[in-house]
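As a plain string of letters, each chain reads:
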Amino acid sequence: MSRIFCLETEWKQNVHDLKYQSSVISLLEFIKNSKGVDYIFRHVATTVDFEYYINHLNYDTYNSYDTVYLCFHGLPQSIELANGGSINLKDFAKKNKDVFKGKNVHFGCCSTLDMEEEDIKFFKKETGARMVTGYKKDVEFVNSFIFELWLLNEILNHPDYAQKRILNLAETQMPYFAKEFKFVAY
(Lines give C-alpha, C1' and ligand atoms only; values in the text may rest on other atoms or scores of the structure.)
Protein backbone atom coordinates (compact mmCIF):
# COMPACT_ATOMS: atom_id res chain seq x y z
CA MET A 1 0.00 0.00 0.00
CA SER A 2 1.41 3.37 -1.06
CA ARG A 3 1.51 6.29 1.34
CA ILE A 4 2.39 9.98 1.02
CA PHE A 5 4.79 11.90 3.25
CA CYS A 6 4.04 15.61 2.77
CA LEU A 7 5.74 18.72 4.07
CA GLU A 8 4.27 22.14 3.31
CA THR A 9 5.65 25.57 4.09
CA GLU A 10 3.77 28.37 5.77
CA TRP A 11 2.88 30.34 2.62
CA LYS A 12 2.04 33.72 4.09
CA GLN A 13 3.97 35.74 6.60
CA ASN A 14 1.63 38.10 8.42
CA VAL A 15 -0.31 38.51 11.63
CA HIS A 16 -2.88 35.93 10.51
CA ASP A 17 -0.41 33.01 10.04
CA LEU A 18 -1.89 30.89 12.79
CA LYS A 19 -5.35 31.13 11.23
CA TYR A 20 -4.12 29.91 7.84
CA GLN A 21 -5.43 26.58 6.63
CA SER A 22 -3.22 24.29 4.58
CA SER A 23 -3.73 24.42 0.84
CA VAL A 24 -2.57 20.86 0.27
CA ILE A 25 -4.69 19.08 2.89
CA SER A 26 -7.73 19.09 0.59
CA LEU A 27 -5.69 17.35 -2.13
CA LEU A 28 -4.36 14.76 0.33
CA GLU A 29 -7.83 14.19 1.79
CA PHE A 30 -9.30 13.72 -1.69
CA ILE A 31 -6.66 11.09 -2.48
CA LYS A 32 -7.23 9.40 0.88
CA ASN A 33 -11.02 9.34 0.47
CA SER A 34 -11.02 8.25 -3.17
CA LYS A 35 -8.08 5.84 -3.19
CA GLY A 36 -7.57 4.86 0.45
CA VAL A 37 -4.03 6.26 0.44
CA ASP A 38 -2.83 7.30 3.87
CA TYR A 39 -0.57 10.29 4.40
CA ILE A 40 1.51 12.17 6.92
CA PHE A 41 1.36 15.95 6.74
CA ARG A 42 3.39 18.57 8.58
CA HIS A 43 3.76 22.34 8.27
CA VAL A 44 7.36 23.50 8.01
CA ALA A 45 8.52 27.08 8.68
CA THR A 46 12.28 26.73 9.23
CA THR A 47 15.22 24.62 8.09
CA VAL A 48 15.27 23.05 11.56
CA ASP A 49 11.63 21.96 11.10
CA PHE A 50 12.44 20.59 7.65
CA GLU A 51 15.45 18.61 8.84
CA TYR A 52 13.54 17.27 11.84
CA TYR A 53 10.69 15.88 9.74
CA ILE A 54 12.82 14.67 6.82
CA ASN A 55 15.02 12.72 9.23
CA HIS A 56 11.97 10.63 10.15
CA LEU A 57 12.32 8.99 6.73
CA ASN A 58 15.47 7.29 8.01
CA TYR A 59 13.37 5.14 10.38
CA ASP A 60 11.98 1.79 9.23
CA THR A 61 8.49 2.78 10.37
CA TYR A 62 8.37 5.24 7.46
CA ASN A 63 9.41 2.78 4.73
CA SER A 64 5.84 2.47 3.46
CA TYR A 65 5.71 6.22 2.71
CA ASP A 66 6.94 5.81 -0.83
CA THR A 67 5.93 9.23 -2.18
CA VAL A 68 7.48 12.38 -0.72
CA TYR A 69 5.54 15.52 -1.62
CA LEU A 70 7.32 18.78 -0.85
CA CYS A 71 5.24 21.97 -1.12
CA PHE A 72 7.34 25.11 -0.79
CA HIS A 73 8.21 28.37 -2.43
CA GLY A 74 11.08 27.69 -4.76
CA LEU A 75 13.98 29.18 -6.63
CA PRO A 76 16.29 27.40 -9.05
CA GLN A 77 18.08 24.60 -7.18
CA SER A 78 16.43 25.32 -3.83
CA ILE A 79 13.31 25.32 -1.73
CA GLU A 80 12.42 28.42 0.24
CA LEU A 81 11.05 28.41 3.78
CA ALA A 82 8.62 30.74 5.52
CA ASN A 83 11.27 32.30 7.75
CA GLY A 84 13.40 33.31 4.74
CA GLY A 85 15.72 30.33 4.93
CA SER A 86 16.46 28.13 1.95
CA ILE A 87 17.71 24.63 1.28
CA ASN A 88 19.98 24.07 -1.70
CA LEU A 89 19.25 20.67 -3.25
CA LYS A 90 22.89 19.74 -3.89
CA ASP A 91 23.89 20.63 -0.33
CA PHE A 92 20.90 18.72 1.02
CA ALA A 93 21.84 15.64 -1.04
CA LYS A 94 25.42 15.69 0.24
CA LYS A 95 24.21 15.75 3.86
CA ASN A 96 21.33 13.27 3.51
CA LYS A 97 22.61 10.22 1.71
CA ASP A 98 19.85 7.70 0.94
CA VAL A 99 17.16 9.62 2.89
CA PHE A 100 14.75 9.08 -0.04
CA LYS A 101 15.90 5.55 -0.83
CA GLY A 102 13.40 3.96 -3.20
CA LYS A 103 10.93 6.85 -2.85
CA ASN A 104 9.30 9.10 -5.45
CA VAL A 105 10.00 12.74 -4.63
CA HIS A 106 7.85 15.51 -6.06
CA PHE A 107 8.79 19.16 -5.63
CA GLY A 108 5.53 21.12 -5.70
CA CYS A 109 7.67 24.26 -5.80
CA CYS A 110 8.14 27.03 -8.34
CA SER A 111 11.33 26.62 -10.41
CA THR A 112 13.15 24.33 -7.95
CA LEU A 113 14.24 21.89 -10.67
CA ASP A 114 15.46 24.71 -12.93
CA MET A 115 18.99 23.35 -12.70
CA GLU A 116 21.45 21.33 -14.73
CA GLU A 117 20.37 17.78 -15.47
CA GLU A 118 23.58 16.45 -13.94
CA ASP A 119 22.75 18.22 -10.66
CA ILE A 120 19.28 16.68 -10.55
CA LYS A 121 20.81 13.27 -11.24
CA PHE A 122 23.35 13.93 -8.46
CA PHE A 123 20.47 14.74 -6.06
CA LYS A 124 18.64 11.59 -7.11
CA LYS A 125 21.70 9.36 -6.74
CA GLU A 126 22.86 10.78 -3.40
CA THR A 127 19.42 10.72 -1.77
CA GLY A 128 18.56 7.33 -3.28
CA ALA A 129 15.31 8.65 -4.76
CA ARG A 130 13.58 6.31 -7.19
CA MET A 131 12.15 9.25 -9.14
CA VAL A 132 12.38 13.05 -8.84
CA THR A 133 9.72 15.29 -10.39
CA GLY A 134 9.04 19.01 -10.37
CA TYR A 135 9.06 22.24 -12.31
CA LYS A 136 11.59 24.43 -14.07
CA LYS A 137 9.21 27.44 -14.06
CA ASP A 138 7.00 29.26 -11.61
CA VAL A 139 3.55 27.70 -11.32
CA GLU A 140 0.15 29.16 -10.53
CA PHE A 141 -1.50 27.61 -7.49
CA VAL A 142 -4.84 26.36 -8.86
CA ASN A 143 -3.34 24.95 -12.06
CA SER A 144 -0.54 23.24 -10.15
CA PHE A 145 -3.13 21.77 -7.76
CA ILE A 146 -4.94 20.19 -10.74
CA PHE A 147 -1.72 18.88 -12.21
CA GLU A 148 -0.40 17.53 -8.92
CA LEU A 149 -3.64 15.71 -8.22
CA TRP A 150 -3.27 14.04 -11.63
CA LEU A 151 0.46 13.35 -11.06
CA LEU A 152 0.06 11.81 -7.60
CA ASN A 153 -2.81 9.69 -8.89
CA GLU A 154 -0.62 8.32 -11.70
CA ILE A 155 2.32 7.65 -9.37
CA LEU A 156 0.06 5.90 -6.86
CA ASN A 157 -1.79 3.89 -9.54
CA HIS A 158 1.42 2.80 -11.24
CA PRO A 159 4.18 2.40 -8.65
CA ASP A 160 6.29 0.53 -11.19
CA TYR A 161 6.35 3.40 -13.72
CA ALA A 162 9.75 4.99 -14.14
CA GLN A 163 10.43 8.65 -14.76
CA LYS A 164 10.33 8.35 -18.57
CA ARG A 165 6.85 6.82 -18.46
CA ILE A 166 5.55 9.49 -16.05
CA LEU A 167 7.04 12.26 -18.20
CA ASN A 168 5.48 10.74 -21.32
CA LEU A 169 2.09 10.49 -19.61
CA ALA A 170 2.31 14.13 -18.50
CA GLU A 171 3.18 15.24 -22.03
CA THR A 172 0.30 13.25 -23.58
CA GLN A 173 -2.45 13.45 -20.92
CA MET A 174 -1.67 16.88 -19.43
CA PRO A 175 0.26 18.61 -22.24
CA TYR A 176 -0.74 22.17 -21.38
CA PHE A 177 0.48 21.89 -17.78
CA ALA A 178 3.60 19.88 -18.62
CA LYS A 179 4.68 22.51 -21.12
CA GLU A 180 3.54 25.58 -19.16
CA PHE A 181 5.32 24.47 -15.98
CA LYS A 182 8.30 22.87 -17.76
CA PHE A 183 7.56 19.70 -15.81
CA VAL A 184 10.52 17.32 -15.54
CA ALA A 185 10.96 13.79 -14.27
CA TYR A 186 14.25 12.03 -13.53
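In what follows, the accompanying structure is described. Bear in mind the structure is a predicted one, so any value in this text is a computation, not a measurement. (Residues numbered from 1 in each chain as written. Predicted model: local features only at pLDDT ≥ 70, side-chain atom pairs only at ≥ 80, totals over all residues. Heavy atoms only, no water.)

## Let's talk about the packing of helix α1 (residues 25–35) against helix α5 (residues 141–157)
Argument step 1. Relative to each other, α1 and α5 sit at 35 degrees, their axes nearing to 11 Å. Crossing of α1 over α5 shows right-handed handedness. Note on element contacts: α5 touches α1 through F145, E148, L149, L152, N153, L156 and N157, opposite S26, L27, F30, I31 and K35.
Argument step 2. When the residues that make up the contact of α1 with α5 are grouped by side-chain class, the tally is 7 nonpolar, 3 polar and 2 charged. (Axes fitted to C-alpha atoms, helices over the stretch in contact; angles between N-to-C directions. Helix = DSSP H or I, 4+ residues; strand = E, 2+ residues; numbered from the N terminus. Left-handed = near helix turned anticlockwise from the far one by under 90°. Contact = heavy atoms within 4.5 Å. Nonpolar A, V, L, I, M, F, W, Y, C, P; charged D, E, K, R; others polar.)

## A short note on the sheet that holds strand β8 (residues 131–135)
Argument step 1. Spatially, the 6 strands line up as an open sheet ordered β2-β1-β3-β7-β8-β9, and their pairing is mixed. Whereas interior strands pair on both sides, the edge strands pair on one side only; in this sheet they are β2 (38–44) and β9 (183–185). Neighbour-to-neighbour, the strand axes of the sheet open up by a mean angle of 15 degrees, direction not taken into account.
Argument step 2. As paired elements, β8 and β9 share 3 bridges and run antiparallel to each other. Of the residues in β9, the one forming a bridge with G134 is V184.
Argument step 3. Contacting β1 (3–9), β2 and β3 (67–71), α1 crosses the sheet at an angle of about 170 degrees to β2. (Pairing = 2+ DSSP bridges.)

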